[in-house]
Amino acid sequence: MNTQRQKMKMQQKLTPQQLLLMRLLQLPVTSLEQKIKEEVEKNPMLEVDASDPQEQYDSTDDAEPMETGEGEGDFKGIDIDEYYDDDDYSYRERMEKDLNSEGRQMEFSDGVSFTESLIRQLGLQRLTEREHTIGNEIIGSIDGTGYLGRDVQLIANDMAFRMGIDVTEDEMEKVLAVIQTFDPAGVGARNLQECLSLQLHRINNPDEDTLRATDIVDNYFGQLSSKHYASLMTALKIDEKQLERALGVIRRLNPKPGWGREEESKGAHYIIPDFIVSREGGQLTFTLSDRNKPKLRLNSEYTEMMMQLDSRKGLNKNEQETLQFIKSKTEAAQWLMSTIDQRCETLAATMGAILKYQQAYFLSGDTDDIRPMRLKDIAELTGFDESTISRVVNEKYVQTDFGTFLLKTLFVKAVVTEQGDLLAVEHIKEALRQIIDDEDKGEPLTDEDLTALLTGKGFKLSRRTVTKYRESMGIPVGRMRREIKA
């Protein structure tokens, strides 16, 4: 027997303007400019005002956090787990795993993007319109490292759901094979083995070492990845010198083809910082980039038309629809301009709090002065929710006298030493990296050895913790770090 019951519960809903603020907060300045450009194109009531001076937000190290006006309090109570895990420091770990990165010096090219380059190459292929559509979907699923991040069947299912196009797996594989012939070599691979194999098979007139390297990657990748060199030499009937030459060919390949394009390295590279921090004596001052606050205004002609129509009586149907359209676009434009102002205030308040919290580091530029800092710490200083702080620091760069770097890199975990002091995890990882760099690669250290050496440096940690740090840095276990001595 079905029964009906009444249930009362409280539920918080965000206004459209608050939702817009959340979206804008997480955009870096370059993405914000693109978003504004799209809004200006869509909304005839918006236009760029090139005459108004930009408002700058300055703060010294002893300034109080800025107020964000109405609406920020409505963010209280949002489930932080939905947006950001305070204990998730994968953004640091991903940077550490990338051996090609140079710490803070992450740069973006002003030329053609990786995706645009692939789309252009797709346009040069003799494919049907259906195949071009499939190709665009596949390229959209290729990540920044050059790998296909989704299974082809999932992409096909997505096309059927969104576009009503039923695509077979054979069609997907056929178009993917075409994309895998694009530059850079290795693009569109689904795993490391396929990536290396694509690059090796692209080599013209391969010599004996290249052919042997191709055989290893195609047929003995398990032994290669496990560094079972003795097994490889037995299977291939070769000696150590021959194996070393083949491994040398493999080492010269690019495991992340999306990050190694020649045209990008030759182009002009730059970063547009969201914040600029300056030191004057013992005082710190920061400025919010002018490009964070585009100069927008309402279109005067449409505004005058709206006022005229609004003052008249007896409007016909077309005039009523016109008036309603202009009013709705005006409201949307005012929302956007107000939200951009609130975004600037929130960014300035958050940066001011970070500057106070990490004052020693910004004054010295020495990474040893970085204090362990969590989203919660800055949220308490500003009065904002942790989800708001997460959005503010997302993909934002800060320019200083000693370099330009991602703001997120200042959010580091801490451990408690034997003396009861807080020590940033990054310091421990740096010590661990140095120990591993200096080890004998012929007899690499075990995790037990690493734990003992770290303890000798004053870092008393369990072996399990050392293992976790090693893995988060993308450093393999000792056996996998062993190198043969030719």
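Here, the structure is the one placed above.
Per chain, the residues get numbers from 1 upward, laid out in the order the sequence is written. At least 70 in pLDDT is required for a residue's local features to be given in this predicted model, at least 80 for side-chain atom pairs to be given and counted, and no such filter applies to totals for whole chains, interfaces and linings, which use all residues. Only hydrogens and water are set aside; all other atoms, that is, all heavy atoms of the structure, feed into the side-chain values.

(A) Representation of the pattern of salt bridges within the structure. Each salt bridge in this description consists of a side-chain nitrogen of Lys or Arg and a carboxyl oxygen of Asp or Glu lying within 4 Å of one another. The tally for this structure, following the rule as stated, stands at 20 salt bridges. Among the ionic pairs, Glu-47 bridges to Arg-297, the shortest N-O distance being 2.9 Å. Highlighted residues: Glu-47 in strand S1 (residues 46-48) and Arg-297 in strand S7 (residues 296-298), separated in sequence by 250 residues. Here's how the labels work: a residue is buried when its accessible area is under 20% of the maximum for its type, exposed when over 50%, partly exposed in between, all with a 1.4 Å probe on protein chains only. Here Arg-297 falls in the partly exposed class, since its relative accessible area comes to 38%. Residue Arg-312 pairs with Glu-319 through a salt bridge whose shortest N-O separation is 3.0 Å. Through salt bridges that share partners, Glu-208, Asp-209, Arg-212 and Arg-245 make up one connected network. The helix and strand labels rest on DSSP assignments: H or I over at least four residues marks a helix, E over at least two residues marks a strand, and numbering proceeds from the N terminus.

(B) Quick look at the side chain of Asp-377. Mapping Asp-377 onto the fold places it in helix H18 (residues 375-382). Accessibility expressed as a relative area gives 11% for Asp-377, which makes it buried. Of note is the side chain of Asp-377, whose polar atom sits 2.9 Å from the backbone nitrogen of Arg-374. Beyond its immediate sequence surroundings of up to four residues, Asp-377 is in contact with Tyr-357 and Pro-372. Polar contact is the term for a pair of N or O atoms within 3.5 Å; when the atoms are in protein, one must be able to donate a hydrogen and the other to accept it, and sequence-neighboring residues count only if both atoms are side-chain atoms. Whether two residues are in contact is decided by their heavy atoms, any of which lying within 4.5 Å being enough.

(C) How the structure looks around the packing of aromatic side chains. Stacked, edge-to-face and tilted labels apply to pairs of Phe, Tyr and Trp rings (six-membered ring for Trp) whose centres lie within 6.5 Å, assigned for plane angles under 30 degrees, over 60, and everything in between, in that order. Applying the stated criterion across every chain, the model contains 5 aromatic pairs. An aromatic cluster is built from Tyr-361, Phe-362, Phe-402 and Phe-405, whose rings are joined through pairwise contacts.

(D) Quick look at helix H22 (residues 463-472). If you check which residues of H22 are buried, you get Val-466, Thr-467, Tyr-469, Arg-470 and Ser-472. At the exit of H22 stands Gly-474, carrying a positive phi of roughly 75°.

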